[in-house]
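Each chain, written out:
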Amino acid sequence: MAIGGVSSHHQAAFIASYTQLIQDDQLVNQLVDGEKWLCISDPGYPESLRESYACPIILFYRGNLNLINGRLLGIVGAREATSYSTAILKHLIPGKISHRMTIVSGLAKGVDKLAHQCAMANNGKTIAVIGTGLDIAYPSANRFFTGANC
């Protein structure tokens, strides 16, 4: 409860809900629609994330969760990427960065999306941190996101 930041006011409801969920795999599968997920108390929950400020109690993910245990480079920026930010990413990411580090960014438009595109165009790895459910594309133009030349 302390690690997850669950207030004393909500602890009883959290315990009851969690207890119900761990006893009913069918309910869990229905709620998460087959997505992969970890609870903060699970042994596989990434330690670096567990130690971060305001970490998520439940982590929903797709893909290779082990990427979070490697060398990471966080990139964030403006929603409206400037020519300067585009030039910097095209210079920074190809080569050693894309082969030695995993790019971590949001998946909004602008610099975030460009960081993923540059990494993917150079056979790099990325982790997209999104603030919505895995079933929601934001912005909607990212629904069919693919890498681009960088």
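Above this text you will find the structure in question.
Given the structure is predicted, the values throughout are model-derived calculations rather than measurements.

Engineer: Explain the sheet that holds strand β4 (residues 102-105) to me, using residue names and the numbers behind them.
Structural biologist: In spatial order, the strands read β3-β4-β5; together these three strands make up an open sheet with parallel pairing. Of all strands in the sheet, those with a lone pairing partner are β3 (72-74) and β5 (125-128), marking the two edges. Each strand of the sheet is rotated relative to its neighbour by a mean of 25°, with strand direction disregarded. Of the strand pairs in this sheet, β3 and β4 are connected by three bridges, and their pairing is parallel. Bridge pairing in β4 links L73 to I103.

Engineer: Mind laying out a nonpolar patch on the surface, listing which residues take part and the relevant values?
Structural biologist: A cluster of nonpolar side chains, Y84, I88 and L92, forms an exposed patch at the surface whose accessible area comes to about 310 Å². As for its placement among the helices and strands, Y84 is situated in helix α4 (residues 83-92). Residue Y84 is classed as exposed on the basis of its relative accessible area, which comes to 62%.

Engineer: Summarise unusual backbone geometry; cite the residues concerned and give the values.
Structural biologist: In the Ramachandran plot, A54 falls in the positive-phi region, its phi being about 50° despite a non-glycine side chain. Examined against the element boundaries, A54 turns out to sit in the loop between α3 (47-50) and β2 (58-61). One non-glycine residue, N123, adopts positive backbone phi at about 60°. Among the structural elements, N123 can be located in the loop between α6 (111-121) and β5. Its relative accessible area of 66% is what places N123 among the exposed residues.

Engineer: Would you mind going over the nonpolar core in detail, with residue names and values included?
Structural biologist: The nonpolar side chains of soluble globular proteins are, as a tendency, buried together. Listed in full, the eleven residues of the largest apolar core are I75, L89, I93, I97, M101, I103, V111, L114, A115, C118 and A119. The element best represented in this core is α6, accounting for five residues. In this structure A119 touches I93, I103, G124, K125 and T126, once residues within four positions along its chain are discounted. In this structure, Y45, C55, Y61 and L65 belong to the second largest nonpolar core, which totals ten residues.

Engineer: A description of the pattern of salt bridges should follow, citing residues and the corresponding values.
Structural biologist: Scanning the entire structure with this criterion turns up three salt bridges. Note that R50 and E47 form a salt bridge whose closest N and O atoms lie 2.7 Å from each other. Here E47 and R50 lie together in helix α3, a separation of three residues that amounts to about one turn. For E47, a relative accessible area of 42% translates into the label partly exposed.

Basis of the calculations
Residues numbered from 1 in each chain as written. Predicted model: local features only at pLDDT ≥ 70, side-chain atom pairs only at ≥ 80, totals over all residues. Heavy atoms only, no water. Pairing = 2+ DSSP bridges. Helix = DSSP H or I, 4+ residues; strand = E, 2+ residues; numbered from the N terminus. Axes fitted to C-alpha atoms, helices over the stretch in contact; angles between N-to-C directions. Patch = residues over 30% accessible without salt bridge, like charges linked within 9 Å, V, L, I, M, F, W, Y side chains within 5 Å. Areas by Shrake-Rupley, 256 points an atom, 1.4 Å probe, with all protein chains shown as cover. Salt bridge = Lys/Arg side-chain N within 4 Å of Asp/Glu carboxyl O. Buried < 20%, exposed > 50% of the residue type's maximum accessible area, 1.4 Å probe, protein only. Core = buried A, V, L, I, M, F, W, Y, C linked by side-chain atoms within 4.5 Å. Contact = heavy atoms within 4.5 Å.

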